[in-house]
Amino acid sequence: MGDEYIANLDDDKKLPLDKIANALCFTNRYVLVECSMGAIALRSSQREWQPGDPDCWPEDFRLCYDDGKLLLTIHGSTRQERTEIIHDIQSVFNNQNILLTFEEI
């Protein structure tokens, strides 16, 4: 299990997950690992996934909407990497004039 963060969002402030993924991949050099109706999973394009390593997740982080909230799960990252991921996601929302604040859970 990774580190989890949650952000409250009004329904009219929710961005589609695919739009978030596209923005993160375009501006922050992430690679989309999975995109489904309920979740997206991304990882840094500079980090290699090693399928045989049980401690290596295929994604660096996962985003999904859960009960009106945006849930962020970050796997195997340093504090600096977690801070950078959170900042990158907040930037996507800020570019749409939406203030997004994550709380660790």
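Residues numbered from 1 in each chain as written. Predicted model: local features only at pLDDT ≥ 70, side-chain atom pairs only at ≥ 80, totals over all residues. Heavy atoms only, no water.

Re the pattern of salt bridges
A side chain with one charge may pair with a side chain of the opposite charge, provided their charged atoms come close. Scanning all chains against the criterion turns up three salt bridges. Measuring nitrogen to oxygen at the nearest pair gives 3.5 Å for the salt bridge that ties Arg 82 to Asp 3. With Arg 82 in helix H2 (residues 79–94) and Asp 3 in strand S1 (residues 3–8), this residue pair connects regions lying 79 residues apart in the sequence. The salt bridge partner of Glu 34 is Arg 62, with a shortest N-O separation of 3.0 Å. (Salt bridge = Lys/Arg side-chain N within 4 Å of Asp/Glu carboxyl O. Helix = DSSP H or I, 4+ residues; strand = E, 2+ residues; numbered from the N terminus.)

Observations regarding the layout of surface pockets
Within this model, the largest pocket holds a volume of roughly 250 Å³. Lining the largest pocket are 14 residues, and of these Tyr 30, Ser 44, Gln 46, Glu 81 and Glu 84 sit closest to its centre. Of all the elements in the fold, those that place two or more residues in the lining of the largest pocket are helix H1 (17–28) and H2. Counting residues per element, the lining of the largest pocket draws most heavily on H2, which supplies four residues. Tallied by class, the residues present in the lining of the largest pocket amount to two nonpolar, six polar and six charged. (1 Å grid on protein atoms, 1.4 Å probe; cavity = no way out; pocket = protein on both sides within 12 Å on 5 of 7 lines; lining within 4 Å. Points joined across faces, edges and corners; volume = space filled by probe spheres on them. Nonpolar A, V, L, I, M, F, W, Y, C, P; charged D, E, K, R; others polar.)

Describing H2
Between its first and last C-alpha atoms H2 spans 22 Å; for 16 residues at 1.5 Å apiece the expected length is 22 Å, and the two agree. Along H2, the residues that are buried comprise Arg 82, Ile 85, Ile 86, Asp 88, Ile 89, Gln 90, Val 92 and Phe 93. (Expected span 1.5 Å × (residues − 1). Buried < 20%, exposed > 50% of the residue type's maximum accessible area, 1.4 Å probe, protein only.)

Brief notes about the nonpolar core
Residues Phe 61, Leu 72, Ile 89, Phe 93 and Phe 102 are the most contacted members of the largest nonpolar core, which totals 24 residues. Broken down by secondary-structure element, the contributors of at least two residues to this core are S1, H1, strand S3 (39–44), strand S4 (61–66), strand S5 (69–74) and H2. Per-element tally for this core: the top contributor is H2, with five residues. Residues contacting Phe 61, with those up to four places away along its chain left out, are Leu 24, Tyr 30, Ile 40, Ala 41, Leu 42, Leu 72, Thr 73, Ile 74, Ile 85 and Ile 89. (Core = buried A, V, L, I, M, F, W, Y, C linked by side-chain atoms within 4.5 Å. Contact = heavy atoms within 4.5 Å.)

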